[in-house]
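Observations on the model geometry
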Amino acid sequence: MEKLVLFLVCCWCFWSGNAQNARNITIEGSERRIALVMGNDNYNIERFKLDNCIKDAQMMVEALKKCKFEVIYCPNGSRMTMLQKMDDFFSRLPNYDVALVYYSGHGGVLDGVQYMMPIDVSSPYSEEGGGRTLFRNTAVDIESTVLAEFNKRQDKINFLILDACRSNFNDDSRIAKSKSPNEVEENKSKFDQHTGTTIVYSTGVRHRSFEGVYTEELVKLLPVSNKDYSLMLKDVAAAVRKKQEAARISGLQQPQTAEGNDKYFCFNPNAKPINDSKKQSDVVHDTVIKTVVIGGTTNTTAPPVTDNNNDNIPAGFVYVQGGTFDMGKSADGNNAGTVHSVTVSDFYMCDHEVTQAEWVAVMGNNLSSFKGDNLPVEDVSWEDAQDYIAKLNANRNDGYKYRLPTEAEWEYAAKGGIHHENTTYSGSNILTSVGWYWDNSETEGSKQTHPVKQLAANALGLYDMSGNVWEWCSDWYGAYPSNAETNPTGAPSGSFRVNRGGSLNFNAADCRSAYRHYNTPTLRGVAFGFRLALAARR
């Protein structure tokens, strides 16, 4: 954890409307809730001392009390004190439906294990007294303590919130308050899913966490948001991202959530109950989307939508309210062709690129060069995408049809729809915070795709619209007209189909929301994938 010495201006952008939900079990605010809140900043090692972790923990205590949690508070705990408080907390868990552990302070990873650091922790870099061995004996292993206990109550709702760094202590770097924020340390820890437990990280792998950033945004929404927790956490992450952009910090702190709960839950005890106890399998008719794991989390949350006829919209699809925008206009001034006014009608866009798990479940094969269930499917042509869509539609009889988005729909959604995000890339002017491209896609010495939904979403909740893989659109490629259009579908014929968004092995300029690309519809390659759209039924 480091101090953030810049004065940060928080910019808020709340999604309109309450979130609709389709989780397995409906919770109506009467469940019993308990939390353990720990904050450490007065470390015995002088250079480890922090300024705001106790303040963050105290804010968390007050927010959780407003949410009807019984709170056990542990400020500036030694290892013995922290373990004793945990034992007290764990002994009470059988009497509670919802359990939460919060920690703010120094954290890090050694040999793939994530640790919390008590105030009497020994430095892993100490040249005396055993170094890393002594560190293991004085730090608190999260896996064998908190998660081991939470794994015993997989039928309950559990949260682990870590406002701490995820630095890797296996390298030659050092913990130091004065270190530049740009000197991030590689983190080899796993971002695992635990059934029944949602793990919330204030920052991502290879990144540090700054005092007074994540928790400050979390406590603003925790007691007042009427959204399911997963959507509320996305709002928190968006607020953190906007803080960093306001401070002109590039891609350092991107909160991540490993979602393990399959139940609807709202922290706000006064939120209107969702009186619908239908199981997810009753709501989502497509077997692909209801069974696969997306972006490290089980994707069982319905998107925020306002369409009155959305009962059968599958999880993961975001409602995009129609509107008018300047197509071809780029926030950086480099326009892509003739800028003209375009109006699109309401539609739905999937919040992630089609994954390999989804592809295999439908097609029975995997054409991708980079293998991984949560990686976007690639090495697929426009015609391959049409084959996949045809098989999906053969299994639906509710009046909705999967399809590729039009080029106009794609650009409108990438720019945030009615939110009109004036950013060069989808959701940000800082590409590293929202997209995988040439400068940040390298893994183990080569450019590679990355699991979907790891970076920040745009204002609509759409991930990876910039980078990762080029996304096929339905249109034939052609020159833009100069006149205004409504629901354009591209050239009437041609030799090339449109690709949008840039990819892992292209430069930042190619990832701009307004940038156009095209290829023959039979072309396959590691840079080419797609995402799905649905027409809004009226």
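Up top is the structure these notes are about.
Summarised in this report is the structure supplied together with it.

Cut-off values and rules
- Residues numbered from 1 in each chain as written.
- Predicted model: local features only at pLDDT ≥ 70, side-chain atom pairs only at ≥ 80, totals over all residues.
- Heavy atoms only, no water.
- Helix = DSSP H or I, 4+ residues; strand = E, 2+ residues; numbered from the N terminus.
- Buried < 20%, exposed > 50% of the residue type's maximum accessible area, 1.4 Å probe, protein only.
- Contact = heavy atoms within 4.5 Å.
- Areas by Shrake-Rupley, 256 points an atom, 1.4 Å probe, with all protein chains shown as cover.
- Core = buried A, V, L, I, M, F, W, Y, C linked by side-chain atoms within 4.5 Å.
- Pairing = 2+ DSSP bridges.
- Axes fitted to C-alpha atoms, helices over the stretch in contact; angles between N-to-C directions.
- Parallel < 35°, antiparallel > 145°, perpendicular 65-115°, else oblique.
- Nonpolar A, V, L, I, M, F, W, Y, C, P; charged D, E, K, R; others polar.

**A word on the overall build of the chain**
The secondary structure content of the chain amounts to eleven helices and 25 strands. Out of the 538 residues in the chain, the part that is buried amounts to 59%. Of the contacts formed within the chain by residues at least 6 apart in sequence, a portion of 75% connects residues at least 24 apart. When the accessible surface of the chain is totalled, it reaches about 20500 Å², and 46% of it is carbon and sulfur.

**Looking at the nonpolar core**
Ranked by size, the top nonpolar core spans 37 residues in total, and within it Met-38, Met-86, Phe-89, Tyr-103 and Met-116 carry the most contacts. Looking at this core, the elements with two or more residues in it are strand S1 (33–39), strand S2 (69–75), helix H2 (79–92), strand S3 (98–104), strand S5 (113–116), helix H4 (143–150), strand S7 (157–163) and strand S9 (197–201). Take this core: its biggest share by element is four residues, from H2. For Met-86, the residues in contact, after removing those within four places along its chain, are Leu-36, Met-38, Met-116, Val-140, Thr-145 and Val-146.

**A few points about the sheet that holds strand S16 (residues 347–350)**
Reading across from one edge, S13-S16-S25-S17 is the order of the four strands in this open sheet, with antiparallel pairing throughout. Looking along the sheet, the strands with just one partner apiece sit at the ends: strand S13 (317–320) and strand S17 (402–403). Strand direction decides the pairing type here: S16 and strand S25 (residues 533–535), joined by three bridges, are antiparallel. Looking at S25, one finds that Met-349 is bridged to Ala-533.

**Re the packing of H2 against H4**
Where H2 contacts H4, the two axes come as close as 11 Å, and the packing angle between them is 5 degrees. When the axis of H2 is compared with that of H4, the two are roughly parallel. Residues Leu-83, Met-86, Phe-89 and Phe-90 of H2 form the contact with H4, whose own contacting residues are Thr-145, Val-146, Glu-149 and Phe-150. For the contact of H2 with H4, the per-class residue count stands at six nonpolar, one polar and one charged.

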